[in-house]
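Remarks on the overall topology
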Amino acid sequence: MLAITTPANDVQKLYNILEIQRPSGSQTEEDWVTNNLLSLEGARMDAYGNVFVEVSMDKSTTMFSCHTDTVHPKPHADYKNKLVIDPMTNHLFTDHKSQLGADDGTGIWFMLAMIEAKVPGLYAFHRDEEVGGLGSSASAKDNYEYLMALGLNRCVAFDRHYYEDVITHQGTRCASDEFAQALSNELNITPGFKFKPCDTGVFTDSANYTHMIPECTNLSVGYWSQHTIKETQDVGFAEKLLARLLQIDWEALPTSRDVTDNDFSFDDYDYGFYDRGASDMLELCEDYPIMIAEILEDYGVTVQELREQIDDKLDLVATKTTKKTQPGYDWDSPPWNTPPWSSYK
């Protein structure tokens, strides 16, 4: 294994992105967004903090989506990952002391390259995906009229693990089989690619737009073991995928799904303490305590951090039933529900 020194060409930009830990709401995320996104030509920040870039929207009905936050619970003192690459496989990871952040740094890299190549589309860099999709949820509500006026037919997120998924379901249907197969066919023009429609997706930001955009999907980008200190990115795969993304005629893809084909909304998810699978999770912890402890260690969770999380949950239980009377916070009108595009930076 070799520590990275000076990678060549555009791959260096990917390494630069993955080097920085950007936990949700952290100053490092804020600084990174300001320095790297708001400096883009035409970049606009909405009231929540999501950043949008339009490229030739007179020629496009496509939104591309990624998120700027990472799952790092507590950044290193210098907020940087130590990157390591296996020269035999071209796989990138860290020194196993922190998560890599390819979820979703690789998606950011794709979108910045596509903007530079002037691929037509609306590029949405969402905030707070890792803490419940809060940025895209706010965008879907506050920016509704703006987004509807664009007449968008598809939202393509770059936030899926492994190599071959074109997602059709994120809890419920989010994209048609016809669209997913057509996109798979376009991607598979690259020798060795084996993309196919997949109905076992989990939440990412594109799910929050299914009520207004017909085809909302998520693509595998070649990382795995996301959210853990063993997270790995196949750099060679990412390079080949990016090269193909730059060539696709996105407007030629079919639009088949009706936006009403959505029998379960992610707005109904409870991201609070009383999770839907709490009883099953409790049983797992009771049956496999040693294995659960090992998994937590793989995720980089320390004993001190776990104690702090438990303290926070205990406090949440004590206040959850009386949250509407909590002074100083209007739980029914969160602070991000302000008019869209209230400030451009």
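Residues numbered from 1 in each chain as written. Predicted model: local features only at pLDDT ≥ 70, side-chain atom pairs only at ≥ 80, totals over all residues. Heavy atoms only, no water.

Another point: the packing of aromatic side chains. In this structure the tally under the stated criterion is 10 aromatic pairs. Consider the rings of Phe64 and Trp250, whose centres lie 5.1 Å apart with planes at 80 degrees: the pair is edge-to-face. Here Trp250 lies in the loop between helix 7 (235-245) and helix 8 (278-287) and Phe64 lies in strand 4 (residues 62-67), a separation of 186 residues in the sequence. For the residue pair Phe64 and Trp250, the accessibility class agrees, reading buried in each case. Relative to Phe195, the ring of Phe193 has its centre 5.5 Å away and its plane inclined at 75 degrees; by these criteria the two rings are edge-to-face. By relative accessible area, Phe195 is classed as buried at 3%. An aromatic cluster is defined as three or more aromatic residues linked by ring pairs; in this entry it consists of Phe64, Trp109, Phe110, Tyr123, Phe158 and Trp250. (Phe/Tyr/Trp six-rings, centres within 6.5 Å; stacked < 30°, edge-to-face > 60°. Helix = DSSP H or I, 4+ residues; strand = E, 2+ residues; numbered from the N terminus. Buried < 20%, exposed > 50% of the residue type's maximum accessible area, 1.4 Å probe, protein only.)

This brings us to the pattern of salt bridges. For the structure shown, the criterion picks out 10 salt bridges. Salt-bridge contacts for Arg154 lead to Glu251; the nearest nitrogen and oxygen are separated by 3.1 Å. Taken together, the residues span a long stretch of sequence, with Arg154 in strand 8 (residues 154-160) and Glu251 in the loop between helix 7 and helix 8 at a distance of 97 residues. With a relative accessible area of 1%, Arg154 lands in the buried category. A relative accessible area of 32% means that Glu251 is categorised as partly exposed. The residue Asp177 makes a salt bridge to Arg173 at a minimum N-O spacing of 3.3 Å. Looking at Arg173, the relative accessible area reads 19%, which means it is buried. Connected through salt bridges with shared partners, the residues Asp10, Lys13 and Glu116 form a single ionic network. (Salt bridge = Lys/Arg side-chain N within 4 Å of Asp/Glu carboxyl O.)

For the bond from Asp103 to Asp104, the omega torsion is 10 degrees, close enough to zero to count as cis. Structurally, Asp104 is set in helix 3 (residues 102-116). Of note in this structure, His96 is not a glycine but carries a positive phi near 65 degrees. Note on His96: relative accessible area 41%, which makes it partly exposed.

On to the layout of surface pockets. Here the second largest pocket is characterised by a volume of approximately 440 Å³. Lining the second largest pocket we find 19 residues, and of these Asn36, Leu40, Leu112, Ile115 and Glu116 sit closest to its centre. Considering every element that reaches the lining of the second largest pocket, the biggest residue donor is helix 3, with 5 residues. A class-by-class count of the residues in the lining of the second largest pocket yields 10 nonpolar, 3 polar and 6 charged. (1 Å grid on protein atoms, 1.4 Å probe; cavity = no way out; pocket = protein on both sides within 12 Å on 5 of 7 lines; lining within 4 Å. Points joined across faces, edges and corners; volume = space filled by probe spheres on them. Nonpolar A, V, L, I, M, F, W, Y, C, P; charged D, E, K, R; others polar.)

Parts of the prediction with low pLDDT should not have their coordinates interpreted in detail. For the protein, per-residue confidence averages 84 on the pLDDT scale, and 79% of positions sit at 70 or higher. Within the model, the stretch residues 265-278 combines pLDDT values under 50 with 22 contacts to residues more than four positions away or in other chains. (pLDDT = per-residue confidence, 0-100. Contact = heavy atoms within 4.5 Å.)

Here the focus is the packing of helix 1 (residues 11-19) against helix 3. Taken N-terminus to C-terminus, the directions of helix 1 and helix 3 make an angle of 140 degrees; their axes are 9 Å apart at the nearest point. Viewed along their axes, helix 1 and helix 3 adopt a mutual orientation that is oblique. Where helix 1 crosses over helix 3, the two elements pack in a sense that is right-handed. Residue-level contacts link Val11, Lys13, Leu14, Ile17 and Leu18 of helix 1 to Ala102, Gly105, Thr106, Ile108, Trp109, Leu112 and Glu116 of helix 3. Tallied by class, residues from the contact of helix 1 with helix 3 come to 8 nonpolar, 2 polar and 2 charged. (Axes fitted to C-alpha atoms, helices over the stretch in contact; angles between N-to-C directions. Parallel < 35°, antiparallel > 145°, perpendicular 65-115°, else oblique. Left-handed = near helix turned anticlockwise from the far one by under 90°.)

Bringing the environment of Glu164 into the picture now. Counting through the fold element by element, Glu164 comes out in the loop between strand 8 and strand 9 (165-167). Here Glu164 falls in the partly exposed class, since its relative accessible area comes to 31%. Once the C-alpha coordinates of Glu164 and Gly222 are considered, the two residues, 58 residues apart in sequence, prove to be 8.5 Å apart. When residues no more than four places from it in sequence are discounted, the contact partners of Glu164 are Lys194, Phe195, Lys196 and Ser220. Within polar-contact distance, the side chain of Glu164 engages the side chain of Lys196 at 2.5 Å. (Polar contact = N/O pair within 3.5 Å; in protein donor to acceptor, adjacent residues only side chain to side chain.)

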